[in-house]
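# Tertiary structure, described
What follows is the residue order along each chain.
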Amino acid sequence: MIDYTKISRCVAQLQEFIALHPEANEVRKALAVKLVYQGYFYEEIQTILGVSPSSLQFWKTSYEKYGIYGLRLRDKEVQKVLIKISQKLKSNDLIDLLNGKYLVLRIPNYYPAREAKKISQELIKERTLERYKRVPDVGVQRTGITFFETSCSLEMLKCYYEQAQVSIQSLRQTCFPHLSPLDKLRLELQEIWVPGAHIENVHNQTMLAGICRVFEDNFELPPHQDIFARDILDVGIPPAHPFDNFITQLSANIYLQTPKSGGELEVWELKPSISTGKAIRDKRLGAVPQRDREYKYEGIIDRNSLPSATLKIKPKVGELILFDSGRIHSVRPCQDGPRVSMSMFIGYRSRKKPLTYWS
């Protein structure tokens, strides 16, 4: 529901700021954001003021989070306030991320770079690596069947549960004698989150918790969302018990090897609902037959229907990056790769309930 009172208040505040005649660049930012609240499309504002969609997104985000002060930040400063960099995984930082205080939590050197590179070389040779069965046209290979791939297939769902523990143990064995990056993350989540953390349980069976992903050269992971509630609906088999859905679903990625160029993580401020996301996808793709689309999976969002990404991040070896997977995100094509990472999802229900993780 649109809050017209809030919109009117924001427009009045921005107009007052403009009337005070501060620095010209700040006036331009305030005018651009005011036009957004007045219902102008990004393309129209771009034509009127000559500003890029990405700059407009930065200014709007900064204003919504920090008020008028946010319009006095330079664009690079805006990007800084959208990213939290921490030396270790801490509950306060995690809570701030879950509450949307910033878009991305980065923890450099989370896993030793030397061990990361050794493990990545072993994982590249892993025989179980193959492309996602549901998106075979995307050049990303993974270990283990993911829950996302079990859509409307009892056979795939059965294989998923049969292979879950085997896949977890296989990754652990690949890392031996070193602690697996995923095990490190799982243990620390249990330690820092007072109610604890455990593997997600939908059908009273152990789910897969953690995969390795290897990105092929010159392939991107197109803009999309990862939403567990949608995946459960797609499976077609209801949960075995009343399912308490998440407030926030995080994507956690630990980078073991990065390409010489490309492979940047893009994150948009946008977090459309399941129905809104479908509308975005259908906006440009609706008239194109499924067989003629570049990507066959209908959950992929056409990049041309989106503004520029709010953040574009070049991961570093050994780094842990967490963000809300419900926000649109993508990975740019890799060159001189490969790009190797371990990842899993983290579900948050409330401060009083355990975190859960799965893949």
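Preceding this paragraph is the structure being described.
In short, a report on the structure. Every value quoted in this text rests on a predicted model; they were computed, and no experiment measured them. Numbering of residues starts from 1 in every chain and runs along the sequence as written. Local features are withheld for residues below a pLDDT of 70 in this predicted model, meaning they are given only at 70 or higher, and side-chain atom pairs are given and counted only at 80 or more; totals for whole chains, interfaces and linings count all residues. Only heavy atoms go into the side-chain values, all of them from the structure, while hydrogens and water stay out.

With that out of the way, let us pick up the overall build of the chain. Helix and strand counts for the chain come out as 11 helices and 16 strands. Taken over 359 residues, the chain has a buried fraction of 53%. Sequence-distant contacts in the chain: of pairs separated by 6 or more residues, those separated by 24 or more amount to 74%. Approximately 17300 Å² of the chain is accessible, and the part contributed by carbon and sulfur atoms is 52%. A run of DSSP states H or I qualifies as a helix once it reaches four residues; a run of E qualifies as a strand once it reaches two. Both are numbered from the N-terminal end. The classification of residues rests on relative accessible area computed with a 1.4 Å probe and restricted to protein chains. Under 20% of the type maximum is buried, over 50% is exposed, and intermediate values are partly exposed. Contact between two residues is taken to exist if any of their heavy atoms lie within 4.5 Å; hydrogens are not considered. Surface exposure here means Shrake-Rupley accessible area, sampled with a 1.4 Å probe, where a residue is shielded only by the protein chains that are shown.

Quick look at the state of the cysteines now. A pair of sulfur atoms, both from cysteines and within 2.5 Å, is called a disulfide here. Taken as a whole, this structure holds 0 disulfides when the rule is applied. Cysteine cysteine 175 shares no disulfide, and the gap to the nearest cysteine sulfur, in cysteine 212, comes to 9.0 Å. Relative accessible area serves as the criterion here: at 1%, cysteine 175 is assigned to the buried category.

Grouped burial of nonpolar side chains is what soluble globular proteins tend to show. What we call a nonpolar core is a set of buried Ala, Val, Leu, Ile, Met, Phe, Trp, Tyr and Cys residues that are connected through their side-chain atoms within 4.5 Å. Ranked by internal contacts, the top residues of the largest apolar core, which has 66 residues, are Phe147, Leu185, Leu189, Met207, Leu322 and Met342. A per-element tally of this core places helix H8 (residues 154–175) first, with 8 residues. The residues contacting methionine 207, other than those within four sequence positions of it, are Phe147, Tyr160, Tyr161, Ala164, Ile168, Ile199, Glu200, Asn201, Val202, Phe228 and Trp358.

Glancing now at the side chain of arginine 339. Examined against the element boundaries, arginine 339 turns out to sit in strand S15 (residues 339–348). Of note is the side chain of arginine 339, whose polar atom sits 2.9 Å from the backbone oxygen of glycine 263. Sequence-distant contacts of arginine 339, defined by excluding residues within four places in its chain, comprise Arg213, Val214, Phe215, Tyr255, Gln257, Pro259, Gly263, Leu265, Pro315, Val331 and Cys334. Any pair of nitrogen or oxygen atoms within 3.5 Å is treated as a polar contact; in protein, a donor-acceptor pairing is required on top of that, and neighbouring residues in sequence qualify only through side-chain atoms on both sides.

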